[in-house]
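Take a look at the letters that make up each chain.
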Amino acid sequence: MIEFRGVTKKYPNGTVALKNINLKVMKGEFAFIIGSSGSGKSTLIKLILKEEDATEGEIHVNGYSVSTMGRKQVPYLRRSLGVVFQDFRLLPNKTVYENVAFGMQITEALPREIRRQVPMVLGLVGLSKKANVYPSQLSGGEQQRVALARALINKPALLVADEPTGNLDPETSWEIMKLLTEINHRGTTVLVATHEKTIVDAMKKRVIALDRGVMVRDEQKGIYEDESKDGQVHY
Amino acid sequence: MKVRTVRYIIKEGLKNAYRNKLMSFASIAIVTASLIMFGAFYLFTVIVNYNTQAFKDKLEMEVFLKPELDDAQVDRIEESIKANGKIGEYKKVTKEEAYEKAKQLLGDDGKVLEGIDASFLPVSFKIKLKDPQDSKEVVEQFKNMSGVENVAYSQKTVELFSKVSYWVRVISTVLISVLLIVSMFIISNTIKLTVFARRKEIGIMKYIGATDGFIRWPFVVEGVIIGIIGAVLAFVVTGNAYHALEVRFNADVLNMGADLFTFVKFRDIGLQLIGIYCLAGIFIGAVGSLISIRKYLRV
């Protein structure tokens, strides 16, 4: 599903954001990428979306060879996966319904299909009643659910979330995590970048830890802190 | 691109133009203002060209013969006019016709002609040259011909007119070009502002996998709509102003009995004007949008 082979990312200003990352996420997995700010989590997500290009190494996502693909191919890569961001990134001029439908319109889907699919996904995230409301009239949790609905509208095999609960209170965060788990149970691979300890610890999922651009840990059913060695805390 | 996508793009362009009313309004105002100025120069050039041409077409010289010539002598001169290859057409003005014309010209003062008969007036020939360039030569020929009293020819006026119209053309071409460049710049900047205000939106669309075309075309449609509205407004303003001026100016000038300089009839130029306006508006709107959005598509 996702494969990084010897990936290094250097920014033009000299910062090395990722160093020799080797990583494989299989179909149907649920994985956390953790680390403090500046650890390279966001860069890793940006590389998956081809918002940035890797300096070295190979990246494969959903059957696309991300490191070698041309600019014209990028939209198709992005359509093949669902993305959720910390700041929701909804279109302010469109209603909830239109925001979700937009995800399908860009694929030139049939209007009939759109009319069928959008209410279904809105039902899945529990927002059927807010279809005709604008994002600014929604709470943070609701906005994130709209974003989730939009990410799911094209039935992607992979869902990538960059700090999806970063702007939400604990309770709403749990709602979102529950939704992500449910989506995962339906067969979608889920990759979540986060630095929220409580969530990671409680979920007992695969944990990939980054520290200053280096992958320091990759555990199945991991927790946020690694206290295995001499009481020192590693992130 | 599928039909439903085209429909989406047009709908989206219209919606956006409406949702961003303030910016659309600003852009329309600028397009309208630029086109009005552009149109004013354009119309001015057209009028000057038209009049120069009309003047050249009307241009004739009149050869006055000595009044005392008898018919045979007059005929001889007429023969030599006929034989002259440089002369296109000519018209003989008899003594009687000259008398009538003089009476007409004098109007109420025509009484002074009472008691005088036509014989004191000269026979004359109105001559049109095939090529006005030959005028000097032909004038000389007639002046040297025996029996010719005088040759009237408005050579100086023609030259002046030609020169003025040449410079009007040069100056208005330069001004129109400068104006077009300046308004393109202003308009693309205004659209840049709209695009800048919506750069986040563009970024989001790119993130969820919209192609550049899918994002770009609604903006272009929006620009074209703004261009067309601007063109129509500019046409309404310029058209009405021109029509009012034309009617008044022509009425005033024709009242004086002169037809040296006239406005081109609005109905002869209106269609051309709206056509040029729409083309310019569409061009400015579309190109302005394309230029402005390019930068923000690189996400």
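The written sequence of each chain sets the order in which its residues are numbered from 1. Going through the entries in the order they are written, you letter the chains from A and number the ligands from 1. In view of the model being predicted, local features appear only for residues whose pLDDT reaches at least 70, and side-chain atom pairs are presented and counted only at 80 or more, with totals across whole chains, interfaces and linings using the full set of residues. To obtain the side-chain values, all non-hydrogen atoms of the structure were used and water was disregarded.

A. Structural detail: a positive patch on the surface. Residues and elements named next belong to chain B. On the surface, a cluster of positive charge is contributed by K192, R294, K295 and R298. Position of K295 relative to the elements: it lies in the segment after α9 (266–294). Buried residues are those whose accessible area, probed at 1.4 Å on protein chains only, stays under 20% of the maximum for their type, while exposed residues exceed 50% and partly exposed ones sit between those limits. Taking the relative accessible area as the measure of exposure, K295 reaches 60% and is therefore exposed. A residue counts toward a patch only above 30% relative accessible area and without a salt bridge, and it is joined to like-charged neighbours within 9 Å or, for Val, Leu, Ile, Met, Phe, Trp and Tyr, to nonpolar neighbours within 5 Å. The method behind every accessible area is Shrake-Rupley, applied with a 1.4 Å probe, and residues are considered shielded solely by the protein chains displayed. By definition, a salt bridge exists where a carboxyl oxygen of Asp or Glu is found within 4 Å of a side-chain nitrogen of Lys or Arg. Neither His nor the chain termini are counted; the positive set is Lys and Arg, and the negative set is Asp and Glu. A charge is said to be at NZ when it belongs to Lys, at CZ for Arg, at CG for Asp and at CD for Glu. The helix count covers DSSP runs of H or I at least four residues long, the strand count covers runs of E at least two residues long, and both are numbered beginning at the N terminus.

B. Here's a closer look at the domain arrangement of chain B. According to the domain assignment, chain B consists of domain 1 (3–56 + 159–297) and domain 2 (60–153). Note that the domain bounds were set by an automatic or database domain assignment. For domain 1 of chain B and domain 2 of chain B, the distance between their C-alpha centres works out to 52 Å.

C. Highlighting the interface of chain A and chain B. Whether two residues are in contact is decided by their heavy atoms: any pair within 4.5 Å suffices. Across the contact, 25 residues belong to chain A and 22 residues belong to chain B. Carbon and sulfur atoms supply 54% of the area that chain A and chain B bury against each other, a total of about 2,300 Å² over both sides. In this assembly, chain A and chain B are joined by three salt bridges. With its nearest N and O atoms 3.8 Å apart, the salt bridge here joins K15(B) to E98(A). Polar contact criterion, stated in full: a pair of N or O atoms within 3.5 Å, where within protein one must be able to donate a hydrogen and the other to accept it, and residues adjacent in sequence count only if both atoms are side-chain atoms. Seen at the junction of chain A and chain B, the total is 10 residue pairs in polar contact (both at pLDDT 80 or more). Those elements that provide at least two residues to the side of chain A that touches chain B are α2 (74–79), β6 (81–85) and α3 (96–105) of chain A. Take the side of chain A that touches chain B: its biggest share by element is four residues, from α2(A). Buried surface area refers to the total accessible area, computed with a probe of radius 1.4 Å, that the two partners give up upon joining, counted for both partners together.

D. Quick look at the confidence of the model for chain B. Residues of chain B with pLDDT of at least 70 account for 96%, and the chain-wide mean is 83. Predicted complex, confidence summary: ipTM 0.85, pTM 0.71. Each residue carries a pLDDT value, the predictor's own confidence for that position, ranging from 0 to 100.

E. Region of interest: the sheet that holds strand β4 (residues 148–152) of chain B. Residues and elements named next belong to chain B. Strands qualify as paired when DSSP identifies two bridges or more between them. Ordered by their spatial adjacency, four strands build an open sheet running β2-β3-β1-β4, and the pairing between neighbours is antiparallel. Across the chains shown, the open sheet's two edge strands, defined by having one partner strand only, are β2 (87–93) and β4. For this sheet, the mean inter-axis angle between neighbouring strands, taken without regard to orientation, is 20 degrees. Here strand β1 (residues 61–65) pairs with β4 via four bridges, running antiparallel. Counterpart to F64 in the pairing with β4 is N150. Contacting β1, β2 and β3 (124–129), helix α3 (residues 71–83) runs over the sheet at an angle of about 160 degrees to β2. The axes used here are C-alpha line fits, helices contributing only the stretch in contact, and every angle between their N-to-C directions lies in the interval 0 to 180 degrees.

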